[in-house]
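Here is what each chain is made of, one letter per residue.
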Amino acid sequence: MSNYKLIYRITVLTAAVFIALLVGAAIIIAVGGNVFETYWIILSMPFKNFRSLCEVFTRMIPLMIIALGICVSSRCGINNIGAEGQMHMGVVAACAVAFAVQGLPRLIAIPLCILAAALAGGAYGFVPGFLKAKLEVSELLSTVMLNYAAALFYNFCIRVPLRDPNDATGTPMSARLPDNTLLSKFFRGTSFHGGIILAILLVVVIYVLLFKTTWGYKMRAAGASARAARYGGINVPKYLIIAMVISGACAGMAGATELMGLQTRAMENITSGYGFSGIVVALFASLHPIAVIPAAFFFGILLYSQVNLQILTSVPPNLVQTIQGVIILIIVALQMIINNPYSQEKFRKRFFKNQIKDIKEA
Amino acid sequence: MAKEIKELRVEHITKRFPGVLASDNISLSVGEHEILALVGENGAGKTTLMNMIMGLYQPDEGSIFINGEEVKFKDPNDAFSAGIGMVHQRYMLVPNMTVLENVALGLKESWKTVVDLKMVRDRVKEVSEHYGLAVDPDAYIWQLSVGEQQRVELVKTLCQGAKFLILDEPTSALTPQETDDLIKLLKRMSNELSIIFISHKLNEVKALSDKVCILRHGKVVFEGNTSDYTPKQIAAMMTGHEVETTENKNAPVEGEPVLNIKDLCVKSDRDFYALDHFNLDVRAGEIVGLAGVSGNGQKELAEVINGLRKVESGTIEFMGKQIQNMTPAQVIKRGMGYIPEERNIEGIVPSMSIKENIILKDSESSRFSKQHILNNKVIEDYANKLRDEFDIRSPHIHVPAGSLSGGNIQKVILAREIDRNPKFLVCVYPIRGLDMGAAEFIHKQLLALRERGVGILLISEELEEIMNLSDRIAVIFKGKNQKVLMKGEATTSRLGELMAGVGD
Amino acid sequence: MGAILVNTLTFTVRFSVALLIASMGEMFNQKAGIFNLGCEGIMSMGAFLGMLIPFSVGGAGAVPGYVNILGLVVGALCGALMGLLFGLVVVTFRAPQGIAGIGMQMFGVGLAGTFFRSFIGGQQSITGIESVAIPGLSKIPVLGDILFSHNPVVYFAYLLVPLAWFVIYKTPWGMKVRAVGTFPLAADSLGIKVNRIRYQSLAVGGAMAGFAGAFLTLCQAKQFSAGIINGRGFIAVALVYFGQWHPVKILMGAILFTFAESLQRQVQMFGQAFPYEFLAMLPYILVIVVLAFNRKSNKFGPAALGKPFNREMRV
């Protein structure tokens, strides 16, 4: 991507965040909170000490992995809002496999669990992909319905088959995963875990897939104009399904890292809305795998602030969900401006007079 | 009821769109009961100008006068109440509503608590009897033929009390015979109405109009009485130079057909048979033109040859192998090339760069990728080479193909299709909407391809294009091949009769 | 067994209401060409306001009837406003509607949750609008229970179906809505303000979604919780497809869906052995299955559904 375009996008996105924060401020005032105090807590607490920064990093892991999957599906022209459900399925699979591979060396056990999660999530992504490609069922509707179904299935699993046999509290949850399937922490006393390695690895894989391979090329062509792609001999339904499977597999793996890195057992609400936040991150990154990293960092800060808001202020943490919603609304509304070549050109003329016309593009 | 319009005059109208000067200081006037023909190539700014008269666009500069008084139209309602009505090139009828409802949409008097369809029905009856425009008020639009829809459009406009009619390329979808009828009708109507008539078919302009006004690149380049000029003179002023058409002067081709279509039956999107036992063959190194009014199965024929549509029965034999119901990829692999009708959304992926569009059909070929990894360097060199060879005007090969002009988009498609050495080319409306320069370039390329022994199926509505380029001409009507004529046998009137379904 | 059936049917009539109103609202949106997936969020806000107003007047106790009605009205007003906000994003700024809908959903659900925690705090209940047995009719065996023992809003909701049909197919406004959703350029060429009609239908649709949300708290649950809508907004959108954009078919869809849900609840209460989660899944699976086998119905849909209008892109 050329220089001015990048700066242009960043400018527009900053404006989006700024407007969202203004809306947030109005809500904070409405609920009787202190705007500056609240925002100070949201923005400064993560940097207060290393432990809190690690909390942000921890949240980046599922955000990144899910957002990468969304990048693939959205670039292929299919909206995956079923990451919640795919993540649930990933957790179930990883959890079940974890107990089955007890005793195997870590280097085999962990990949097996992650693979299982990817397969489960991928299979769960296959369903809406197939329904869209072959039966023209709107993926927006089918993925939402599958989210509810998956949540129920998950609840059943932790209530009956995966239930901790030694639990006496009556809370539906699995037993603690065997040690050989747990992702290790980088620093003692922090929550930051090895899932980040998978996340970074996936950034590279998805980037190469989308922009350097023929598969990615075909997926992007199918997403940009299904008719032209079909005309060009691209099997659009096939790539639609593949994209959904990849997207679902990513969400499934995100579930596995959350389970094996952070929670150590499958319990209720394990997805904590990451499936939807992942969409915001992907949008915020303009569906570019590398931009997912900073975008996830930003939303990691926002999600971490939920904890602090709860403890330190009277402002309900639901505020964060509201702000995410506002950011989506603003970003999609500004998309016309973001992708508008004329306003880009104006921007370039205004601020980049001296720059020679660059010809490279991502 | 609107007052009589003695004169409609526009003065110094200028309209800019991002990157385009659509109207450049245009002035013209139309008097009572006068028919003005507004001619010019596609993209010359005719429709934009008319949309400003209708209040759909606001001019950036200049003004509109009716009977000497300046008027400002904020939206079409203002134009309607001044007595101006327009029939757009693409009919503005809601397909899943009845004729009555469509008329009612534009008839504010009928908007009571409940839509007063009885009143609308009376009005439709009155107008259609007065002008001799028969319409079935209870038919749904989707049930009507193109000609019938045009009558509905006229009735709709007249029901609004229009005294001044603007017709945007009213004959573009009609057969020559239907066109003659329309011209007679308009002649008759001009006793009561004033008409602006947009066209680029010069014989119609000659037959109908009193005055002619020629636009080129948003400017009026000529205005005068039609009777003083020959069509050739008008054409010269329209394009800025004497028209030189590229012609195929070669001897007829002998040999075995490369493409042989037998008894082909294909369904349209709306589930009726668009091709009905269609037969056609094309030899290597031969251009076969397929004439016909659009909507008679041309689109389906092009799609079915290229694997984009299902065959119900019949066979398509290509280079000795049956290819019906193969996937597009399989057909492409066998050497089929295709220049589709809708170049902006089907021929290219608009948001992808020229470079990426060039390899649309070949991303998996060993030339551009190994083990599914794209070879960026080779692709770029190739795209640059084609850009030079085919004179694609763009700053570089990384601009989105959709941002190019129509002619350049067509060149991108042509470059891709020709340079992959096809054995056959299906070519649909290849020069529609292009300026003469681009059209000439494309015709030359097609003839060169013919020299190389490639069979070409040229589907077009422009009889002149077909008669100039083809070795043989087939005529399609209601999904059937009416007749195949040799180049020498075809005349406009003969083709016209065949296109209207009159057998001989 | 008979009791289960009567109960199921009674619940069906009552519980289908929220879904029915929301779907009717969404039908107006979609007829005009707007796909509003934010219905869930709008319903959340409606539900919250439906709780807030009677609660702030009388707490858990009974409040005068007009306060409850005010709750419904304010819920509807808020819904209309949110519909207009959605219009700003997808009509004026021409944003892609699917994702914008998700933003609207997060916004509405989040905002309702935020306000709920600040203004109400925790689990509270209200008296809400009580059911009324219609004298005479409610005494009819079986049918009396099923049809004539509901609260007045239920009957109002059912009246909306013929009303919506009348508005869409008989009035000039409905005619314009249909034109705008099918072929906006044609409407535009006749001087009909495409975007204005779309805003209007979004306000109507939003108001109905907000009303449906308020109904949930005031007439059904008598309390608010963050998950109160629980996907009903999404299902309402799906029902519009299911009902092929026709009010009567949407009504049948709402009843069928609620029947499946009520039956599931009844079975859950009686048969403990079968894991209830699988029964609870049924309605969601049902929606998918119906959409999958109903694909021909897409042809009945408004042709311009989901496409922003831009006059300058006339081609």
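If you're wondering where the values come from, they're calculated on a predicted model, not measured in any experiment.

### What about the overall build of chain B?
What chain B contains, in helices and strands, is 17 helices and 22 strands. Its C-alpha atoms give chain B a radius of gyration of 24 Å, within 12% of the compact-globule value 23 Å for 504 residues. Across its three principal directions, the C-alpha atoms of chain B cover 70 × 50 × 50 Å. Within the span of chain B, comprising 504 residues, buried residues form 49% of the whole. The contacts of chain B with a sequence gap of at least 6 include a subset with a gap of at least 24, amounting to 69%.

### Describing the packing of helix α2 (residues 39–58) of chain C against helix α9 (residues 194–221) of chain C
Residues and elements named next belong to chain C. With their axes 6 Å apart at the nearest point, α2 and α9 run at an angle of 50° to one another. The angle between the axes of α2 and α9 places the two elements in the oblique class. Judged by the twist between their axes, the crossing of α2 over α9 is right-handed. Residues Cys-39, Ile-42, Met-43, Ser-44, Met-45, Gly-46, Ala-47, Leu-49, Gly-50 and Met-51 of α2 form the contact with α9, whose own contacting residues are Gly-206, Ala-209, Gly-210, Phe-211, Ala-212, Gly-213, Ala-214, Leu-216, Thr-217 and Leu-218. Here the contact of α2 with α9 is built from residues that sort into 13 nonpolar, 7 polar and no charged.

### Notes on the interface of chain C and chain A
Frequently, the measure chosen for interface size is the accessible area that the parts lose on association. If you look at the interface, chain C gives 38 residues, while chain A gives 38 residues. Every element with two or more residues in the side of chain C that touches chain A is listed here: α4 (97–120), α10 (232–242) and α12 (276–292) of chain C. Ranked by residue count, the leading element in the side of chain C that touches chain A is α4 of chain C, at 16 residues. The residue makeup of the side of chain C that touches chain A, split by class, is 26 nonpolar, 8 polar and 4 charged.

### Some remarks on the packing of α2 of chain C against α10 of chain C
Residues and elements named next belong to chain C. Two elements in contact, α2 and α10, have axes whose closest approach is 7 Å; the angle formed by their N-to-C orientations is 130°. Relative to α10, α2 is oriented oblique. Two packed elements cross with a definite hand, and for α2 against α10 that hand is right-handed. Together, Cys-39, Glu-40 and Met-43 of α2 and Arg-232, Gly-233, Phe-234, Ala-236 and Val-237 of α10 make up the contact between the two elements.

### A short note on the interface of chain B and chain A
Across the boundary between the two partners, chain B contributes 28 residues, which contact 23 residues of chain A. Listing elements by their share of the side of chain B that touches chain A, those giving two or more residues are α10 (328–333), α11 (343–347) and β18 (373–374) of chain B. Along the lines of polarity and charge, the residues of the side of chain B that touches chain A split into 15 nonpolar, 10 polar and 3 charged.

Rules used throughout
- Residues numbered from 1 in each chain as written.
- Chains lettered and ligands numbered in written order.
- Predicted model: local features only at pLDDT ≥ 70, side-chain atom pairs only at ≥ 80, totals over all residues.
- Helix = DSSP H or I, 4+ residues; strand = E, 2+ residues; numbered from the N terminus.
- Rg over C-alpha atoms; globule rule 2.2 N^0.38 Å.
- Buried ≥ 20, exposed ≤ 12 C-beta atoms within 10 Å, placed from the backbone.
- Contact = placed C-beta atoms within 7 Å.
- Axes fitted to C-alpha atoms, helices over the stretch in contact; angles between N-to-C directions.
- Parallel < 35°, antiparallel > 145°, perpendicular 65-115°, else oblique.
- Left-handed = near helix turned anticlockwise from the far one by under 90°.
- Nonpolar A, V, L, I, M, F, W, Y, C, P; charged D, E, K, R; others polar.

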